[in-house]
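# What the coordinates show
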Amino acid sequence: QTGTGKTHTMEGNLDHDEQRGIIPRAAQSIFHHLGNPRNKYVESTVTAQYLEIYNEELADLLVDPTARESKLQIVEDTAKRGKGVFVQNLSEKTVQTPEDVLQLMKLAQERRQIGETKMNKASSRSHCLFTLKVHAKKVVDATGAVMECMGKLHMVDLAGSEAAKTAGNEDVKVERERKNINQSLL
């Protein structure tokens, strides 16, 4: 449903600490954990990706739309130690602080598809997937043995959607967009 606060919950107000959403808070928590000396991390790398799905099309929100060279596509790497399902050609930006994540989010906000609906003047018209990948090494015992850890955190912001009877749109393009919003998830 449009206007229910999905984007605000995920992003919040990026300019005010106490009003930030799940994505910036998760980034803050990850960097706090990695930086805590009690956790004994000796090395870590964090990267971010931001994928938009709009009208069945994939877009990289971290790359300037005018500079996009390769079309994004969903592929499956079925090799024994392969990547599984992933988006080919999606950029990955290294982030070293929570502030780096905020800057990427602000950049992506400028590029995201929004539009006015009967129910919401600035409705997200696309689904977005923000991913943080962490690769870290930590000391695990008194001998100095090191364990390598990897993880991904996917955070999804779904597009605003309206039922046909409340959408009030006679425009063919807008009606196509409304129908594709949920179709994009399949």
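Each remark here, short or long, concerns the structure printed above.
Structural notes, computed from the coordinates.

Parameters at a glance
Sequence positions are assigned chain by chain, starting from 1 and proceeding in written order. The predicted nature of this model means local features are confined to residues of pLDDT at least 70 and side-chain atom pairs, given and counted, to a pLDDT of 80 or more, with totals for whole chains, interfaces and linings taken over all residues. With hydrogens and water excluded, all non-hydrogen atoms of the structure serve as input to the side-chain values. Think of a nonpolar core as a cluster: buried Ala, Val, Leu, Ile, Met, Phe, Trp, Tyr and Cys residues, connected wherever their side-chain atoms sit within 4.5 Å. Note on exposure labels: buried denotes an accessible area under 20% of the residue type's maximum, exposed denotes more than 50%, and partly exposed covers the range between, all computed with a 1.4 Å probe on protein chains only. For helices the rule is a DSSP run of H or I covering at least 4 residues; for strands it is a run of E covering at least 2, with both sets numbered from the N terminus onward. By definition in these notes, contact holds between two residues if any of their heavy atoms fall within 4.5 Å. At least two bridges found by DSSP between two strands are what make those strands a pair. In this analysis, the expected span of each helix is defined as 1.5 Å times one less than the number of residues it contains. Summarising the geometry, the arc corresponds to the directions from the helix axis toward the C-beta atoms. Salt-bridge detection follows one rule: a side-chain nitrogen of Lys or Arg within 4 Å of a carboxyl oxygen of Asp or Glu. The rule is short: rings of Phe, Tyr and Trp, with Trp giving its six-membered ring, pair when the centres are within 6.5 Å, and they are stacked under 30 degrees, edge-to-face over 60, tilted in between. Charge-over-ring placement is defined geometrically: NZ (Lys) or CZ (Arg) within 6 Å of the ring centre, and within 35 degrees of the ring normal.

### Points about the nonpolar core
For soluble globular proteins, the rule of thumb is that nonpolar side chains tend to be buried together. Core analysis: the biggest nonpolar cluster contains 25 residues, and Val-46, Tyr-50, Val-101, Phe-130 and Leu-132 have the highest contact counts within it. Of all the elements, helix 2 (residues 22-35) adds the most residues to this core, at six residues. Apart from residues lying up to four places away in sequence, Leu-132 is in contact with Ala-27, Ile-30, Val-46, Thr-47, Ala-48, Val-101, Gly-151, Lys-152, Leu-153 and Met-155.

### Section: the pairing of strand 8 (residues 127-139)
Looking at chain direction, strand 1 (residues 41-54) and strand 8 are connected through twelve bridges and run antiparallel. Along strand 8, the bridge assignment pairs Ser-44 with Ala-136. In this sheet, strand 9 (residues 146-157) lies alongside strand 8 in antiparallel orientation, the contact comprising twelve bridges. Its bridge partner being in strand 9, Thr-131 is matched across the sheet by His-154.

### As for helix 2
In this model, helix 2 (14 residues) spans 20 Å end to end at C-alpha, consistent with the 20 Å of a helix rising 1.5 Å per residue. Of all the residues in helix 2, the buried ones are Ile-23, Pro-24, Ala-26, Ala-27, Ile-30, Phe-31 and Leu-34. The buried residues of helix 2 occupy an angular sector of 160 degrees when projected down its axis, which confines them to one face. Residues of helix 2 that are buried make contact with helix 1 (6-10), strand 1, strand 5 (93-95), helix 3 (98-111), strand 8 and strand 9.

### A look at the pairing of strand 1
Pairing analysis gives three bridges linking strand 1 to strand 5, with the strands arranged antiparallel. Across the sheet, Ala-48 pairs through a bridge with Lys-93, a residue of strand 5. In this structure, strand 1 lies alongside strand 2 (residues 57-60), joined through four bridges in antiparallel fashion. Among the inter-strand pairings, Tyr-54 is bridged to a residue of strand 2, identified as Glu-57. Hairpin connection between strand 1 and strand 2: a loop of two residues separates the two successive antiparallel strands, and Asn-55 in this loop has a positive phi of roughly 50 degrees.

### As for the pattern of salt bridges
Counted according to the given criterion, the structure contains four salt bridges. Close ionic contact of Asp-17 with Arg-20 constitutes a salt bridge, the shortest N to O distance being 2.6 Å. Judged by relative accessible area, Arg-20 falls into the buried class, the value being 19%. Note that Arg-112 is salt-bridged to Asp-157, the shortest N-O span being 2.5 Å. In this pair, Arg-112 is assigned in the loop between helix 3 and strand 6 (114-115) and Asp-157 in strand 9, connecting sequence segments 45 residues apart.

### As for the packing of aromatic side chains
By the definition in use, this model includes one aromatic pair. Centre to centre, the rings of Tyr-50 and Phe-130 are 4.9 Å apart; their planes meet at 85 degrees, and the pair counts as edge-to-face. Taken together, the residues span a long stretch of sequence, with Tyr-50 in strand 1 and Phe-130 in strand 8 at a distance of 80 residues. With respect to burial, Tyr-50 and Phe-130 carry one shared label: buried. Geometry around Phe-86 places Lys-83 over its ring, the cationic atom sitting 4.5 Å from the centre. Positioned above the aromatic ring of Tyr-41 is the side chain of Lys-138, whose terminal nitrogen or guanidinium carbon lies 5.1 Å from the ring centre.

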